[in-house]
Amino acid sequence: MNNQIPLKLRKVITYQTDNFYWHLGLRRIKSYFEQDVSRHTFSATYLYGSPRSGKTHLSIVLSQFFTNHNFYPQIITADNFDSQTLKPNYTDQDVLIIDDFQNFLTNIYPEAEDLSSRFIDLYESVKRNSAKLIIFADQPFQNYILNDHLSSRLANMQIYSLDNVQDEDLSKMIFTLAKQRGILLNEAHQEYLAKRLPRSISLIEAYLERLTYFLTETGIPLTRANLSKAL
């Protein structure tokens, strides 16, 4: 007698960088880096977007992009921002990518000179050695309380926002975000959701999280009616 209880599991598609869609806002950023990669000179870029807007995915894609162009990218998080994770000397082939930089900025106040100087020393080292610095955060740096020394460095960086999705990109973005969760939407499903979901990446992802949970818990097929139940 078989007393095993079947598990409600859905097939998960392994994360790959080609499971990432460059919507219009991101294509502008990509265009900038395609020009920047041809120059072995210092550059500093500050990218910000709301939670779940694709910052971590983009950091991975950019890391692979620079690797393919014979650079040496290093991805760290702001929580690991110390001398043990950073190189003592950078070269013009190095790219330092810092994710979750808001975790660092929230601890910076005008009197926190030790933390502020940590970043300033890094910035000047990267600049002096013609390396590249890319920062990801969830808000513009102007939203944080910073001293003049730190804010002046950030103000000199190229600044881009991870824009909300435009109408022309919406169906493809929904398909890509669903695929990352193991859900394969056909064209009819994409068009159905594109007419009903907002143009915000974070809200689209919130819907897909509900849909994933709903399909996993019930084991029901992926139909238009069931898509509607998760709205």
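Located above this text is the structure these notes cover.
Worth saying up front: this structure is predicted, and the values here are computed from it rather than measured. (Residues numbered from 1 in each chain as written. Predicted model: local features only at pLDDT ≥ 70, side-chain atom pairs only at ≥ 80, totals over all residues. Heavy atoms only, no water.)

S.K.: Can you help me understand the sheet that holds strand β1 (residues 43-48) in this one?
M.R.: Sheet strands line up and pair through hydrogen bonds in the backbone, either parallel or antiparallel. Taken in spatial order, the five strands of this open sheet run β2-β3-β4-β1-β5, and their pairing is parallel. Edge positions in the sheet fall to β2 (72-77) and β5 (158-161), since each has one partner strand and no second. Each adjacent strand pair in this sheet contributes to an overall mean axis angle of 15 degrees, direction not counted. Relative to strand β4 (residues 132-137), strand β3 (residues 94-99) runs parallel, the two being bridged by four bridges. Within β4, the residue paired with isoleucine 98 across the bridge is isoleucine 135. Contacting β1, β2, β3 and β4, helix α2 (residues 55-68) crosses the sheet at an angle of about 165 degrees to β4. (Pairing = 2+ DSSP bridges. Helix = DSSP H or I, 4+ residues; strand = E, 2+ residues; numbered from the N terminus. Axes fitted to C-alpha atoms, helices over the stretch in contact; angles between N-to-C directions. Contact = heavy atoms within 4.5 Å.)

S.K.: What exactly am I supposed to notice about the environment of histidine 40 here?
M.R.: Tracing the sequence through the fold places histidine 40 in the loop between α1 (24-36) and β1. Residue class for histidine 40 comes out partly exposed when judged on its relative accessible area of 37%. Along the sequence, histidine 40 and aspartate 94 sit 54 residues apart, while their C-alpha atoms lie 9.4 Å from each other. Here histidine 40 is in contact with Phe71, Asp92, Gln93 and Ser130, once residues within four sequence places are set aside. At a separation of 3.1 Å, a polar atom in the side chain of histidine 40 contacts the main-chain carbonyl oxygen of aspartate 92. (Buried < 20%, exposed > 50% of the residue type's maximum accessible area, 1.4 Å probe, protein only. Polar contact = N/O pair within 3.5 Å; in protein donor to acceptor, adjacent residues only side chain to side chain.)

S.K.: What should I look at first to understand the pattern of salt bridges in this one?
M.R.: Working definition: two side chains of opposite charge can pair if their charged atoms are close together. Going through the model one piece at a time under the given rule, you end up with six salt bridges. A salt bridge links arginine 199 to aspartate 167, with the shortest nitrogen-to-oxygen separation between them at 2.8 Å. Of this pair, arginine 199 sits in the loop between α7 (187-194) and α8 (201-218) while aspartate 167 sits in the loop between β5 and α6 (170-179); the two residues are 32 residues apart in sequence, bridging distant segments of the chain. By relative accessible area, which is 33% here, arginine 199 ends up partly exposed. The closest approach of N and O atoms between glutamate 209 and arginine 181, which form a salt bridge, is 2.9 Å. Separated by 28 residues along the polypeptide, glutamate 209 in helix α8 and arginine 181 in the loop between α6 and α7 bring together distant segments of the chain. Residues joined by salt bridges that share partners form a network here, namely Asp36, Arg39 and Lys132. (Salt bridge = Lys/Arg side-chain N within 4 Å of Asp/Glu carboxyl O.)

S.K.: Help me understand the packing of aromatic side chains in this model?
M.R.: Centre-to-centre distance and the angle between the planes together describe a pair of aromatic rings. Applying the stated criterion to the full structure yields 11 aromatic pairs. Between phenylalanine 33 and phenylalanine 66, the aromatic rings sit 5.9 Å apart at their centres with planes inclined by 80 degrees, giving edge-to-face as the arrangement. Placement of the pair is phenylalanine 33 in helix α1 and phenylalanine 66 in helix α2, with a sequence separation of 33 residues. Seen from their ring centres, phenylalanine 66 and phenylalanine 71 are 5.5 Å apart, and the 80 degrees between their planes marks the pair as edge-to-face. With respect to class, phenylalanine 66 is no different from phenylalanine 71; both count as buried. Through pairs of rings, three or more aromatic residues link up here, namely Tyr32, Phe33, Phe65, Phe66, Phe71 and Tyr160. (Phe/Tyr/Trp six-rings, centres within 6.5 Å; stacked < 30°, edge-to-face > 60°.)

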